[in-house]
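# Survey of secondary and tertiary structure
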Amino acid sequence: MDKVRIGIIGLGYIGNVHARIFSRDERAEVAALYDIIPERAEKTSKSVGGKVCYSREELFENCDAVLVCAPNKTHTDIASSAVSAGKHVFCEKPFSIGLTDAQKLLDVANSSNKVFQVGHNRRYAPVYVKLKELLQSDKAHSAHIKMNRGELKNPVWTGDVNVTGGFLYETTIHLFDMMRFQFDEIAELVAYGSQHEYPELDEFSIIFKFKNGFHCTFASSSDASWHFPFERIEVFAHHRTLMTQEMEHLIDSQGMDANFETYSWAMTEKEERWGYVQEDKAFIDAILNGTEPPVTALDGFKSVQLVESVYEAIRSGEKIKFD
Ligand SMILES: NC(=O)c1ccc[n+]([C@@H]2O[C@H](COP(=O)([O-])OP(=O)(O)OC[C@H]3O[C@@H](n4cnc5c(N)ncnc54)[C@H](O)[C@@H]3O)[C@@H](O)[C@H]2O)c1
């Protein structure tokens, strides 16, 4: 097959990350670029090539696969129209906002025989791949998870609930997906939330119970600091603690004394350390091999379901149970 012609919609931060990565993949070609601010597409085109398009339709005419890299609230509409145009789709997280739109997009994605992948990049980050590998040899009991941000100011729309759908859709959703990847499907949850700096709930404490009996506490603040590590998973097993620090380190402490082993990806280039290179490769693999991508539309839908369930638990004060 000829090179997969990639079209990117939204040439801000993450659109450019993907554009750079695909420009180095010999199985792909950055073919078409569209942003509602045309200068952004023009700037990307100058550095990695690709036809600058002035509408979504023009972009669809010039590519085989569409990357949805515009802000959250646009995902359902853009991704649905790309599927309808017969394209493979890579949709950045979050899959969608709200259960109604998420269900609509899931139905559209399921109606297509093309690839639909969701951008939960952390699943490919070496630190989390290693954690999963280490957990295969041990039965973990519980975990404590933290997913903070220092602010909701950059990009500016991250503080606008009408664009994001709420803080949990921004950063926290990555580790909601991660919990399913590492531990199991969620059986039930209780949650508390409060509002401080932003005009929405910006502070969360959640307890999750999984179908296999595992349980964890989860803290997420959008108004903390960028203190390292703002993202951390501590997993507890029989005389063993495994701790990740963002996507840079994994510490494995085993036995009754204070010994520990450290794995580090601090020297790995960020695009690979964060899993972006691997997820883009997986997208091309799925297209060329006709296989299911590692993070499917259903995975994206389930993350939205978790976000909405946490908001619902806080609104109602009730425990939420999943079938
Ligand atoms: N997986 C990750 O680690 C990760 C990291 C950053 C962002 N994201 C996600 O990617 C998306 C974009 O985030 P960002 O940080 O790149 O934002 P950004 O603001 O830097 O870029 C968004 C771009 O989309 C353009 N845009 C807005 N509406 C559009 C539309 N209707 N059609 C075409 N272009 C449009 C804007 O002009 C802008 O250039 C968000 O949904 C975000 O959650 C994911």
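Residues numbered from 1 in each chain as written. Predicted model: local features only at pLDDT ≥ 70, side-chain atom pairs only at ≥ 80, totals over all residues. Heavy atoms only, no water.

### With respect to the sheet that holds strand β11 (residues 231-237)
Spatially, β14-β13-β12-β11-β7-β10-β9-β8-β15 is the arrangement adopted by the nine strands of the open sheet, whose pairing is mixed. Two strands in the sheet have a free side with no partner beyond their single neighbour: β14 (261-264) and β15 (320-321). Sheet strands in contact with helix α6 (residues 126-135) are β11, β12 (240-245), β13 (249-254) and β14, and its direction is about 170 degrees off that of β12. Contacting β8 (186-194), β9 (203-210) and β15, helix α11 (residues 297-316) runs over the sheet at an angle of about 55 degrees to β8. (Pairing = 2+ DSSP bridges. Helix = DSSP H or I, 4+ residues; strand = E, 2+ residues; numbered from the N terminus. Contact = heavy atoms within 4.5 Å. Axes fitted to C-alpha atoms, helices over the stretch in contact; angles between N-to-C directions.)

### A closer look at the site of the ligand
Taken together, the neighbourhood of the ligand is formed by 26 residues, with D35, R40, N72, W157 and Y276 sitting nearest. Here an oxygen atom of the ligand and a backbone polar atom of Y13 are 2.9 Å apart. Taking A70, its main chain carries an N or O atom lying 3.4 Å from an oxygen atom of the ligand. Taken by itself the ligand offers 840 Å² of open surface, and the protein chains cover 87% of this. Of all the cavities here, the one that holds the ligand is the largest pocket. Contributions of two or more residues to the shell around the ligand are made by α1 (13-23) and α8 (167-182). Each of two domains, domain 1 (4-121 + 276-295) and domain 2 (123-268 + 304-321), supplies a minimum of three residues to the shell around the ligand. (Near = heavy atom within 4 Å. Polar contact = N/O pair within 3.5 Å; in protein donor to acceptor, adjacent residues only side chain to side chain. Areas by Shrake-Rupley, 256 points an atom, 1.4 Å probe, with all protein chains shown as cover. 1 Å grid on protein atoms, 1.4 Å probe; cavity = no way out; pocket = protein on both sides within 12 Å on 5 of 7 lines; lining within 4 Å. Sits in = over half its atoms within 2 Å of the grid points. Domains from an automatic or database assignment.)

### Some remarks on the domain arrangement of the protein chain
The assigned domain composition of the protein chain is domain 1 (4-121 + 276-295) and domain 2 (123-268 + 304-321). When each unit is reduced to the centre of its C-alpha atoms, the spacing between domain 1 and domain 2 is 26 Å. With 20 residues of domain 1 in contact, the opposing surface of domain 2 contributes 17 residues. Buried surface at the junction of domain 1 and domain 2, both sides included, amounts to about 1600 Å², of which 62% is carbon and sulfur. On the domain 1 side of the contact with domain 2, K93, H120 and N121 bury the most area, a combined 32% of that side's loss. A salt bridge links E170 to K93; its shortest N-O distance comes to 3.9 Å. In this assembly, domain 1 and domain 2 are joined by nine residue pairs in polar contact (both at pLDDT 80 or more). (Buried area = accessible area lost by both parts, 1.4 Å probe. Salt bridge = Lys/Arg side-chain N within 4 Å of Asp/Glu carboxyl O.)

### What to know about α6
In an α-helix, one turn spans 3.6 residues, which is why side chains three or four residues apart end up on the same side. Burial within α6 is extensive, with seven of its 10 residues counted as buried. Considered for burial, the residues of α6 that qualify are P126, V127, Y128, K130, L131, L134 and L135. (Buried < 20%, exposed > 50% of the residue type's maximum accessible area, 1.4 Å probe, protein only.)

### Let's talk about the pairing of β13
In the sheet, β12 pairs with β13 via six bridges, with the strands oriented antiparallel. Bridge pairing in β13 places L242 opposite D252. The antiparallel pairing of β12 with β13 creates a hairpin that spans three residues between the two strands, and E246 there sits at a positive phi of about 45 degrees. As defined by bridge partners, β13 adjoins β14 across four bridges and the pair is classed as antiparallel. Of the residues in β14, the one forming a bridge with I251 is T262. Connecting the antiparallel pair β13 and β14 is a turn made up of six residues, with G255 showing a positive phi of about 95 degrees.

### Regarding the nonpolar core
Core analysis: the largest hydrophobic core is formed by 101 residues, its most contacted members being F116 and F208. Residues lining this core come from more than one domain, with at least three contributed by each of domain 1 (4-121 + 276-295) and domain 2 (123-268 + 304-321). In this structure, F116 is in contact with A79, V83, V89, C91, F95, L105, A109, P293, V295, T296 and A297, ignoring residues within four places of it in sequence. (Core = buried A, V, L, I, M, F, W, Y, C linked by side-chain atoms within 4.5 Å.)

### Considering the side chain of S80
Its place among the elements puts S80 in helix α4 (residues 75-84). Apart from residues no more than four positions distant in its own chain, S80 is found in contact with H75, L105 and V108.

### Some thoughts on the sheet that holds strand β4 (residues 65-68)
On the basis of which strands lie adjacent, the open sheet formed by six strands has the order β3-β2-β1-β4-β5-β6 and parallel pairing. Of all the strands in the sheet, just β3 (51-52) and β6 (116-119) have a single pairing partner and so form its edges. Here β4 runs beside strand β5 (residues 88-92); their pairing, made up of four bridges, is parallel. Bridge pairing links V66 to V89 in β5. Those strands touched by helix α2 (residues 38-48) are β2 (28-34) and β3, and its axis lies near 160 degrees from that of β2.

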